[in-house]
Amino acid sequence: MNKLIIFSICIAVVMAHPEYQQQIPNGAAVPDPCNPGSIWLAVGHYKPTQHTQQKNPFGQDFIASGHVWTTSLCQADSDGDGATNGEELGDPNCVWTVGATPEQNATGHPGICNPLGSCSMEKFTCGCEGFACVFGK
Ligand SMILES: [Ca+2]
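Everything quoted here is computed from the prediction, not taken from an experiment.

1. Concerning the layout of surface pockets
In this approach a probe as big as a water molecule rolls over the atoms, and the regions it shows empty are the leftover space.
Reasoning step 1: Roughly 180 Å³ of volume is contained in the second largest pocket.
Reasoning step 2: If you go around the second largest pocket, you meet 17 residues; those closest to its centre are His17, Tyr20, Gly44, His45 and Phe62.
Reasoning step 3: Sort the elements by how many residues they give to the lining of the second largest pocket and helix α3 (residues 57–64) lands first, with four residues.
Reasoning step 4: Of the residues that constitute the lining of the second largest pocket, the class distribution is nine nonpolar, seven polar and one charged.

Right, here's the structure in full:
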């Protein structure tokens, strides 16, 4: 039983859903707020390169929109830092469509408060694991 659980966790951890990167503007070029100059590949998750069970607020909103970049998802501020998802992902006018070149580069992470720790609603800290990402260490 434990081997099955560990196996399942391993499968979940290695998946970063690269197909979803193509569904949002600059999905493969979102800056990593924990490591300036690096890219956060798993944009809906709390780990930069890994699928995690706990989605960040943008990941939750992305699911709610059916994994589609809609005007309402673009205009939302999922992480509550004052910048819309579109502004952070380089689509400030919410005109991007799949396959198009975004108007601008991504300037922030839509699911992690910028600057880090400035949003009272989010308890994320760099390097957090599991539920610590949601509830704080
Ligand atoms: Ca935001």
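So, next bit.
2. As for the side chain of Lys47
Reasoning step 1: Assignment of secondary structure puts Lys47 in the loop between α2 (18–21) and α3.
Reasoning step 2: Under the relative-accessibility criterion, Lys47 is labelled buried at 19%.
Reasoning step 3: Contacts of Lys47, omitting those with residues within four sequence positions, involve Trp40, Ala42, Thr52, Cys128 and Glu129.

3. Overview of the state of the cysteines
Reasoning step 1: Enumeration over the complete set of coordinates arrives at three disulfides.
Reasoning step 2: Here Cys74 connects covalently by a disulfide to Cys94, the sulfurs 2.0 Å from one another. Across the S-S bond of Cys74 and Cys94 the torsion is about -90 degrees, and the bridge reads as left-handed. Here Cys94 lies in the loop between α5 (85–89) and α6 (132–135) and Cys74 lies in helix α4 (residues 71–75), a separation of 20 residues in the sequence.
Reasoning step 3: Residue classification places Cys94 among the buried residues on the basis of a relative accessible area of 18%.
Reasoning step 4: Across the disulfide from Cys113 sits Cys119; the S-S distance is 1.9 Å. Disulfide Cys113 to Cys119: torsion about the S-S bond roughly 70 degrees, handedness right-handed.

4. Thoughts on the coordination of the calcium ion
Reasoning step 1: Looking at the calcium ion, one finds its protein donor set to be Asp77 (OD), Asp79 (OD), Asp81 (OD), Ala83 (O) and Glu88 (OE), positioned 2.1 to 2.3 Å from the metal centre.
Reasoning step 2: Of note, the calcium ion draws all its donor residues from one chain, in the sequence arrangement D-x1-D-x1-D-x1-A-x4-E.
Reasoning step 3: Its relative accessible area of 0% is what places Asp79 among the buried residues.

Rules and cut-offs
- Residues numbered from 1 in each chain as written.
- Predicted model: local features only at pLDDT ≥ 70, side-chain atom pairs only at ≥ 80, totals over all residues.
- Heavy atoms only, no water.
- 1 Å grid on protein atoms, 1.4 Å probe; cavity = no way out; pocket = protein on both sides within 12 Å on 5 of 7 lines; lining within 4 Å.
- Points joined across faces, edges and corners; volume = space filled by probe spheres on them.
- Helix = DSSP H or I, 4+ residues; strand = E, 2+ residues; numbered from the N terminus.
- Nonpolar A, V, L, I, M, F, W, Y, C, P; charged D, E, K, R; others polar.
- Buried < 20%, exposed > 50% of the residue type's maximum accessible area, 1.4 Å probe, protein only.
- Contact = heavy atoms within 4.5 Å.
- Disulfide = S-S within 2.5 Å.
- Donors = N, O, S within 2.8 Å, 3.2 Å for Na, K, Ca; no water.

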